[in-house]
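Notes for the structure review
The residues making up each chain are set out below.
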Amino acid sequence: MYVAVKGGETAIGNAHRLLAQKRRGDRSVPALTIGQILEQLTLAVDRVMTEGSLYDRRLAALAIKQARGDLIEAIFLLRAYRTTLPRFGSSVALETGRMLIARRISATFKDLPGGQLLGPTFDYTHRLLDPALEDDGELLPPDPVDDVDDAIVPRVTDLLGDDGLIEADGDSEPDAPVGDLTREPLSFPADRDLRLQALARGDEGFLLALGYSTQRGYARSHPFAGEIRMGEVEVEIEVAELGFSVPLGRINVTECQMVNQFKGSGDAPPQFTRGYGLVFGHGERKAMAMALCDRSLRARELGEEQTAPAQDEEFVLSHLDNVQATGFVEHLKLPHYVDFQAELELIRRLRAEHNARTADETVVKEAAE
Amino acid sequence: MSAATDSAPAETGPSTYNFAYLDEQTKRMIRRAILKAVAIPGYQVPFASREMPMPYGWGTGGVQVTASVLGPNDVLKVIDQGADDTTNAVAIRGFFAKTAGVATTTRTSDATIIQTRHRIPETPLGPDQILVYQVPIPEPLRFLEPRETETRTMHALEEYGLVHVKLYEDIARHGHIATTYAYPVMVENRYVMDPSPIPKFDNPKMDNCPALQLFGAGREKRIYAIPPHTSVVSLDFEDHPFAVQKFSDPCALCAGTDVYLDEVILDDRGGRMFVCSDTDYCEKRRDAGHHGKADEMSEGDFA
């Protein structure tokens, strides 16, 4: 029986070999290739890159394979790798106004400069399971797009901003240093750069639920999807010796600009306010939820009454990280018998005292009768 | 498996990762936090906790502290629930054996660094030892006040009335202080500190301890410390003095008394026995010829 608390080392080794077997599954089925994950599970790759805070499609695909499709586990793998990488510097702010657009929609204007471009979207599909997908059949090619030139498509918020109808985009200087919560512990109140970083890394499901709660009246902010755009942007880095910025390459991002009502205050006239979301790859749900949460977290800055969880910066930023959350929730699997023993001893003692007391009372009562 | 799983340092260090996994810059950052923590006993120092290859809540803080104080000549012991052979202790010991190639031991007296979760070894520690605690929630006021912004202010102002109210409410309701583990302590008469979820049985061992005690909370990004020979007092009241758990039976294997025991359920008919939670201490006593009830009955099964 003492064996029960011994032999951990052998058990761990065995469990891990069993895990490797289970991951591979039936050997008569060909192994999943990284290329297949990259090409056919692209949205999973995008989510893992975003919440793993590392833009590397191949590593994300590898993590998904290793994690048996558990995306939070894959995010964890990517984060644990990322933490060992040296940091050379930070890029110049992305210019999403110069994005090579693959998808761009606005819910606030029927038509606008640059037009609406649906791109590859689940929207308006009928969610009917397609038995044809069991085989790798022929697909109808989409019509070729007429003019895919590098025409600059202005952002909706810039169009509104020209008339002063929407607030300016933050008051920090474009060249101001950007915080990094993976290198400095987060403290509260957090500046918007750190808040946006935390939200971008945050769990999609958690932000989705919080964003949803704001729509249902818990910190209502009357949002409009001013614009959602997805496509390629150039990443540039400033090289000190050169004195100008050099392009590093292009990455795919999805950006969401929420336009929210604001009644104005003593100092400020009524104008629209912003909520901002940006994620790697194609991740509209996350970008929109992030934009809703960014806006609701600005309650203090905008002098709004703070009543709902989505407005509570310390609550939201302390609980949105799924790697932290899953670790701490799952640590309950670790042995706790020392602490449990302490509780057991206390509860036995309290029960014994309780029983002794009730026994005394019964005796006294009987004597009185 | 033999009781003592000593291993010699590896001949060649790992090539893919730095010694003890973390890069030197990160270790320096953590050492600065440790120095500050030692200078202000019991004060929680924020540090830029890294994402580690094990989950948050499974010892990432302790592992980062250990990685930062570990040298090639150190001898490492890792325990969880007092035992060297619990799964997480095995995993962490394996991590350092692999990434740092240091010698490991299960013997408390042979170790220079002991990383622990939930216990302090029964064998008294010496001045050349460091005890590294894994801490889940470093804030002793957290369950009274969930906000970090508030609790930091409370510490700054030494506003500890709430803790005493909580302990008093326990007495009013149960006749006892109902905190049995993670029992709050006052360090050097200044900071109220969470001793990590060790049973309050272990609290007295922290007081005036000749070893350096370091606490790492990875997820919460805090490090704190008790330097050697620091006063550590468990909070209590004059009429309800602090008292530790007492067990009615001695250890069934080594007959040890005045030790913390684990309850092992033997069958589904209420059969149970109590054995030392500190496996090294228990083995040492049995090697010295002490035998408990269960050990006498079936000697040889435990080899």
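Keep in mind the model is a prediction, meaning the values are calculated, not measured. (Residues numbered from 1 in each chain as written. Chains lettered and ligands numbered in written order. Predicted model: local features only at pLDDT ≥ 70, side-chain atom pairs only at ≥ 80, totals over all residues.)

1. A look at the sheet that holds strand S5 (residues 130-134) of chain B
All names here are of chain B.
- The seven strands lie next to each other as S1-S9-S8-S5-S4-S2-S3, forming an open sheet whose pairing is mixed. Both edges of this open sheet fall to strand S1 (45-46) and strand S3 (103-104), since each of them pairs with a single strand only.
- As judged from the two bridges shared by strand S2 (residues 75-80) and S3, these two strands associate in the parallel manner. Of the residues in S3, the one forming a bridge with Val-75 is Ala-103.
- Sheet strands touched by helix H1 (residues 24-39): S1, strand S8 (212-217) and strand S9 (222-226). Its angle to S9, the strand with the most contacts, is close to 45°.
- Running at roughly 155° to S5, helix H2 (residues 60-69) makes contact with strand S4 (113-117), S5, S8 and S9 of the sheet. (Pairing = 2+ DSSP bridges. Helix = DSSP H or I, 4+ residues; strand = E, 2+ residues; numbered from the N terminus. Contact = placed C-beta atoms within 7 Å. Axes fitted to C-alpha atoms, helices over the stretch in contact; angles between N-to-C directions.)

2. A short note on the interface of chain A and chain B
- With 39 residues of chain A at the contact, the number on the chain B side is 47 residues.
- For the side of chain A that touches chain B, the elements supplying multiple residues, two or more each, are helix H1 (8-24), helix H5 (71-82), helix H11 (322-330) and helix H12 (337-368) of chain A.
- Broken down by element, the side of chain A that touches chain B gets its largest block of residues, 11 residues, from H12(A).
- Considered class by class, the residues forming the side of chain A that touches chain B number 18 nonpolar, 10 polar and 11 charged. (Nonpolar A, V, L, I, M, F, W, Y, C, P; charged D, E, K, R; others polar.)

3. Here we look at the pairing of S5(B)
Residue and element names in this part refer to chain B.
- Taken across its five residues, S5 has five buried, putting it largely inside the fold.
- Of the two faces of S5, both are covered, the one formed by Ile-130, Val-132 and Gln-134 as well as the one formed by Leu-131 and Tyr-133.
- In this structure, S4 lies alongside S5, joined through four bridges in parallel fashion. Paired with Ile-114 across the bridge in S5 is Leu-131.
- In terms of strand pairing, S5 meets S8 through five bridges, oriented parallel. Across the sheet, Leu-131 pairs through a bridge with Gln-213, a residue of S8. (Buried ≥ 20, exposed ≤ 12 C-beta atoms within 10 Å, placed from the backbone.)

4. A closer look at unusual backbone geometry
- Geometrically, the link from A:Phe188 to A:Pro189 is a cis peptide bond, its omega value of -5° lying close to zero.
- Here A:Pro189 is to be found in the loop between helix H6 (156-162) and helix H7 (192-201).
- At A:Arg68, a residue that is not glycine, the phi angle is positive and equals roughly 55°.
- By secondary structure assignment, the location of A:Arg68 is in the loop between helix H4 (57-66) and H5.
- Although it is not a glycine, B:Ala20 sits at a positive phi angle of roughly 60°.

5. Quick word on helix H3 (residues 87-99) of chain B
- Taking 1.5 Å per residue, 13 residues should reach 18 Å; H3(B) reaches 18 Å between its end C-alpha atoms and fits that length.
- Within H3(B), burial applies to B:Asn88, B:Ala89, B:Val90, B:Ile92, B:Arg93, B:Phe95, B:Phe96 and B:Thr99.
- Tucked into the core, H3(B) has its buried residues touching H1 of chain A together with H2, S2, S3 and S4 of chain B.
- Downstream of H3(B) by one or two residues, B:Gly101 has phi in the positive range, about 60°. (Expected span 1.5 Å × (residues − 1).)

Treat this as a map of the structure, not an account of what it does.
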